[in-house]
Each structure stands twice: as C-alpha cells, then as structure tokens.
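# Overview (structure and organization)
If you want the building blocks of each chain, they are given just below.
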There are 2 protein chains.
Amino acid sequence: MAGTRRRGAGRGRPTLEEVAARAGVGRGTVSRVINGSPQVSERARLAVERAVAELGYVPDRAARALAANRADTVALVIPEPETRLFAEPYFSDIIRGVSAELAEADLQLLLILIRTPKERQRFAEYLSAHRVDGVLLVSVHADDPLPDLLERIEVPAVLGGRRSAHESVPYVDSDNAGGARCAVEHLIERGRAAVATITGPLDMYAARCRLDGYRAALRTAGREVDPELIEAADFTEEGGRLAMRRLLARRPRLDAVFAASDVMAAGARQVLREEGRRVPEDVALVGYEDSAVARHMDPPLTSVRQTTQEMGQAMVRVLLREIESRSERTADRPRLVLPTELVRRGSS
Amino acid sequence: MAGTRRRGAGRGRPTLEEVAARAGVGRGTVSRVINGSPQVSERARLAVERAVAELGYVPDRAARALAANRADTVALVIPEPETRLFAEPYFSDIIRGVSAELAEADLQLLLILIRTPKERQRFAEYLSAHRVDGVLLVSVHADDPLPDLLERIEVPAVLGGRRSAHESVPYVDSDNAGGARCAVEHLIERGRAAVATITGPLDMYAARCRLDGYRAALRTAGREVDPELIEAADFTEEGGRLAMRRLLARRPRLDAVFAASDVMAAGARQVLREEGRRVPEDVALVGYEDSAVARHMDPPLTSVRQTTQEMGQAMVRVLLREIESRSERTADRPRLVLPTELVRRGSS
DNA sequence: AGGTAGCGTGGGAGCGCTCCCACGTTGATG
DNA sequence: CATCAACGTGGGAGCGCTCCCACGCTACCT
C-alpha cells in the first residue's frame, strides 16, 4: 500500500518544478515558456526547452484545468432520437471535421450522446462539473431546450444547423435552400415536366428550407408550384416509400422526384421499381446528402452534397472565436452558411 | 480585471467546503458521502445530502482528477487509415455501445481519431498528459505498435478485434469464423454447388477468420475446398468488383458467393449484373456486417450481423474490470468473443 | 547624478478536491 | 474499572499547475 499509489498514466512523470530545477530557473519561467509567453529571455527559453526535451515533460491537463480554470476540452453533443433520423455518414463526417480542427488547437473532444432524459440530466451536470470550454450541438430540434440552457449558464456554444430562421445562438449551417434549388433546377434542365418532392418533417427548419428551394427553382423557371406534387415524409426509408406511393396515386404522370434525403430517395426508388417505372428513363430521381446509400443505389443516385466535414471544422472555428471573445459579449453572434454541391449520377 | 476571472462553466459554483459548512460537518465527511463510503453515520449522510441538494453541488472533475490521480475518462481511439476500410455503421455502433456503457459508470468518453503520424504522436503525449483511466482501441492492424505502447506504459487497454490468434492484450472480438461458417452453411443448404468467397486482406486476422469459417463449412458438408473459388480483396467496393471478375473468369459455373464484407458484396453484385447473372437465381450472394449497404441493395443482401453495439459495451465492461484490477496484475487477461447472426434477405 | 519606466524573473498563494493521520466516543472485554 | 478495538470524524497536506506580486536589473530620461 505504501509508495504504490495508483497512477492513471505513468508514475513519476516529471513536473513543472523538476523542469525548472533542471533548467536552473523558477517555476514561473517554465510556465511562461510552456505557454508561449513573450516575456521570456532567449536564454531562459532555450534552457527550459532543453530541460523539457530531456525529461520528456508533458504538462498535466488536470492540474492545468484546475489552476487555470479552463478545460482544454470541447463537448460534441449528439442527441439521438428514437429513430435514427440522420444517417450515419452525417454524424461521422461531423465528428471527423470536429476532431481534425480540435486537434489543430490541441483541444480534446468529449463525445456526448444523449439518448434518454436521464442522460440529458447528466449532461447538464457535466456542464458545471467537468468544465468544458465550449459545446457543439448538432441535429437540434426546434423545441430543444438545450441551446437556451447553454445560453443561460453562459457556456459558449455553436449549433450545427439552425432551429429557425432567427436563430439566436451562433451556428454553422449548410445552404439547404440553395442545394434543393440546384437539384430541382437540374431536373428542369433535363427537361422534366412534373417534378415532385418528398420533404422531411416540416417542423425541422432544414426540411422547410429544402422545400423552399424546391419552390424557388420552379418559380424561377416560370412554373407553378403544384401542391399535389409535394408530399411530406420523415427522412426515413419507409416514409419515402409511403410518400412515393401517394405521389404516384395523385399524379401518375410525374417524371421527376426530388427527395430531401438519400434514404427517402431509396424508399421512393423501391416503389418506382414495384410500379414498373424506370429510373431515370421514366422518372428522374435526386436525393440529398450524398451519403453511401446514394452511391450504392442502382442506378447511383444523383444527390446534393453537403460538406459535412467542413461544417464540423467550421463549427469548431466559430466556437473557438466565441470562447476567445467570451468577455466582450458582442451583440452580433457569428453565423455561417456553407455551400452545397450537386453530384450528378445515373438516376437523373 | 478584478473579480471577473473567467470561468469555464458557472462562476461561484459551490465547493466541497461550502457544502461542509452548510451541513455542519468537515470536508472529509462530505467527500466520504459523495464517494459513497460506508464510514459515515446516517445523521451526517443525511445532512450532507441535504446541503448538496440545496446548493446544487456538483464535484469538480478537474480537482478530483488532480487530487485522486484518476481521470474518470476513457479514450476511444479510432485509427483512420487512408481508405476508410470499415464502413461507418461499424464505428457509429461501437461508439453508441461505448457511450451507453460509459454513461452507466459515469465516465467520460474522449474520442480520438488518428489520421496522421503527427496525431499519433500527439496521442502518445495525451496518454501521460491527460490522464485517461483506460483506452479502447478498435480496428487495430496486425502491425500497429499502439497496443504494445499502451502495455509498456501500463495504461489499461482493451482491443476491439484481435490482431492475431494469440493476442496478448485484453480484447473483445466477434465470432468471425462462426459467422462466416454460418453464412456458407446457409448457401450449401440452399443447394448451391460451387460456393466462392471474396476475402478481406489476409494480413487482417478478422479476414483470415472469415476465410477459415468458409473452409470449415465446406469441410463439414463433406466438400473439398477449391482454391480457385477463393479470391482475396481489400474490403472495398472496387476490390469486390475485381475479385468477382476474376472468380467468374476462373469458374464461370459458380452459383454462390460469400463476400467477407457488404461493400465487397456490393461490388460483386455490380459485376454479376454486368455479366447478366441474376441474384439470387443464378448466383446467391451473402455479405458480412449487415450494414446499411446490405439493406439498400437490390435484392437486399443476406448478411452476417455482428452485434457491434454490444461489442462496444463489452469492451467498456472489460476495460473497467482491467482498471479495477490494476494492482493485482493477473496473468490471464480477459477476452471475449461475441456471437454473430445470419440475416436472411433476398440475395440468397 | 538621481529618478523612473520597463523587462525578466522567482516564488507565494491558491484552484477544489482526495488521502490519511490523529483524535474523540462508543461499547465490548478482561 | 481500566483497556482496547472499532467506528466516525475533522482537518492538514498536497496533487501540478497558473496567476500575480514584488524584486532586481538595465536603459533611458531630466
């Protein structure tokens, strides 16, 4: 029991003090060097750097966090509704982007998946307990209280995707309306006469934006928007199937479909096959997200690519700026909308 | 500047000391209550619990980590090779399982994606710097030095998937051989005469196990293993295509294919279509992983399901046991192999 | 010459905990 | 009635940092 105190990682790691002793300077000077303060003479800096290298010194994050009252940690929060609305590629791309950008800034990524109300509660405690420097929230629903909670307890936060047109919290979003418009314009250019759309749940802002884009494209082309060609679904495959059936029942002559997600497009495609409609000859199909599903469909699905990974990176950059300017609470919160791109494949 | 010291989250959060004062006890007693020590009188416990509730006290993790020399944190390390060998569902399922199980134990999940050698280096520093209580490693290649590094610096670690038959580090794996055997037995039962296989890279243990399962199933059925029906690929779609072409060239009469991954099966399926072979009438096809790709294929792909999420959970449980028994370094390291299950769909 | 910025520096204080020692206080024991 | 565990308890010491004050020193002013 004596002397063998358990060590999370590596017993006898050198401390600041030991580095200072070896370099023949004081603790303060070593700290200044470590943290890149300009207030250090060249001589001292070199001595410290040498000692650090020789001892293999790595500052202890826990001690740092306690003393400096920061965490060097950012939490990425992913609420997970019962149905896994967003396909996996979205999340893993976000994570990729976030991770890359955080690594750049030498920050840690704390991943928090919220499934149950209990876990939500736990997360709220985290915010005070663990000291995260900031929070990234993705896939937030319009009625989610989390962003406001964060706002209230003054934890810097950035949303991935707005909740509404007038989002009060800083956010990074992708150009849903633009992407949808582009997709529909493409279908029109291809000479399609009756372009239908399968939308996402319209209580989600992103879904509404995509619908707006669909409408805008039609109007720009001088066409009328036929409400019978619009069918709302829920971003799932089954929803896509149902919507497609209804659309075909109402407008059997439709010759193009813009689905607001690849997964819904996959569902629609199944129904089209069942009904003996060829893709793209009889009906052209375009999806949204450019996920793996799109590439594996037959024929491969034309889809709107969102630069999800870059969205993750952008979120981190915005968050870091927020953390930086913590004190000078400026009125205008940063916001950023990333472009989308149409990826043309065999289905249109 | 005075008084407005920046606070990661929540200024003026109550401290242990304040709780102690309010409860009319000493710091030690509060600490004991918080940590569930039995050495506390009922009276004191109640007083403390009341004070905690009234003040909304949440222990500070950084202080705790520093004082107790532990981190309450587990790192999940995902090395990301250039080609994203493993499909997304695998990782997100692992993450899901890990997250759920860690939440249970009130531990944090630190997600570490390693892309570049530089990030690898950074991670090595983490291990000493940040104090993680343990590390979970998935998708580790046979020649990966990381597990040995962890072993050396005595950080508890658990692998998801072995590197070889004689894995020295504790691991949780799924029954690759059994799953493959089951898939091939299924094809044999369906009356298929010439069952081919497209394997993963054979320097990966999982790929070798699946090939072993293939062989075992044939032998059990009293059949010979025809090496011409075996083609190695690399878990990618393109690899699946190439392998399928070679197999067809060598053995045009084959009537079944077991692909060691869904993605390779998707590639094979494309070639089969090009060659005018119907699935499943002419050639039955079975994949491995039961990913989204399998469900979206046409016809839907029969595939071997691995309970990836449970694998994540199991990894955490094993890791926690490892951390627990840190001191009494027992010789036998825990290992666990999870079962697989065949999901039958239209392709076979 | 004395005054005074300013820089580089050492080290005290303290972040909020856990650990552990030493101190009552009790009840069973000889 | 003294002796001794066993229990519950308070609080000192310290985890490894950062922050900041106060000190010496040089260089420049008047």
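Cut-offs used in this document
Residues numbered from 1 in each chain as written. Chains lettered and ligands numbered in written order. Predicted model: local features only at pLDDT ≥ 70, side-chain atom pairs only at ≥ 80, totals over all residues. Heavy atoms only, no water. Domains from an automatic or database assignment. Axes fitted to C-alpha atoms, helices over the stretch in contact; angles between N-to-C directions. Helix = DSSP H or I, 4+ residues; strand = E, 2+ residues; numbered from the N terminus. Parallel < 35°, antiparallel > 145°, perpendicular 65-115°, else oblique. Contact = heavy atoms within 4.5 Å. Nonpolar A, V, L, I, M, F, W, Y, C, P; charged D, E, K, R; others polar. Salt bridge = Lys/Arg side-chain N within 4 Å of Asp/Glu carboxyl O. Buried < 20%, exposed > 50% of the residue type's maximum accessible area, 1.4 Å probe, protein only. Buried area = accessible area lost by both parts, 1.4 Å probe. Polar contact = N/O pair within 3.5 Å; in protein donor to acceptor, adjacent residues only side chain to side chain. Least-squares fit on C-alpha atoms with pLDDT ≥ 70 in both. Phe/Tyr/Trp six-rings, centres within 6.5 Å; stacked < 30°, edge-to-face > 60°. Lys NZ or Arg CZ within 6 Å of the ring centre and 35° of its normal.

## What about the domain arrangement of chain A?
Examined at the domain level, chain A breaks down into domain 1 (16–59), domain 2 (73–174 + 309–338) and domain 3 (176–306). Distance between the C-alpha centres of domain 1 of chain A and domain 3 of chain A: 61 Å.

## Focus: the packing of helix 2 (residues 27–34) of chain A against helix 3 (residues 42–55) of chain A
Residues and elements named next belong to chain A. Packing of helix 2 against helix 3 leaves a shortest axis separation of 10 Å and a crossing angle of 85 degrees. It follows from the interaxial angle that helix 2 and helix 3 lie roughly perpendicular. Where helix 2 approaches helix 3, its residues T29, V30, V33 and I34 are matched on the opposing element by A44, R45, V48, E49 and V52. Partitioned by chemical class, the residues of the contact of helix 2 with helix 3 number six nonpolar, one polar and two charged.

## Notes on the pattern of salt bridges
Residue and element names in this part refer to chain A. Taken as a whole and assessed by the stated rule, the structure comprises 52 salt bridges over all chains. As a salt-bridge pair, D290 and R345 come within 2.9 Å of each other at their nearest N and O atoms. Of this pair, D290 sits in the loop between strand 9 (284–289) and helix 12 (292–296) while R345 sits in the segment after strand 12 (340–343), placing them 55 residues apart in sequence. We note that D290, like R345, is buried. Bridged by salt links that share partners, the residues E228, E231, R246 and R250 form one connected network.

## Examining the interface of chain B and chain A
Taken together, the 55 residues of chain B in the interface contact 56 residues of chain A. The largest contributions to the chain B side of the interface with chain A come from N69(B), R96(B) and H296(B), which together make up 12% of the buried area. A salt bridge links R273(B) to D298(A); its shortest N-O distance comes to 3.2 Å. The interface formed by chain B and chain A contains 10 residue pairs in polar contact (both at pLDDT 80 or more). If one sorts the elements of the side of chain B that touches chain A by residue count, helix 6 (residues 117–131) of chain B sits on top with nine residues. Looking at side-chain class alone, the side of chain B that touches chain A contains 25 nonpolar, nine polar and 21 charged residues.

## Details of the relation of the copies chain B and chain A
Its rotation angle being 180 degrees, the transformation that places chain B on chain A also includes 0.0 Å of axial translation and leaves an RMSD of 0.2 Å. The transformation relating the two chain copies, once decomposed into turn and shift, fits a two-fold axis. The overlap is high: 100% of the interface residues of chain B also sit at the interface in chain A, so the same surface is used on both sides.

## A few points about the packing of aromatic side chains
Centre distance and the angle of the planes are the two values used to describe a pair of aromatic rings. Tallied over the full model, the rule gives two aromatic pairs over all chains. One Lys or Arg, R61(A), reaches over the ring of Y126(B) and ends 5.0 Å from the middle of that ring. Across the ring face of Y288(A), the terminal group of R210(A) is positioned such that the distance to the ring centre comes to 3.8 Å.

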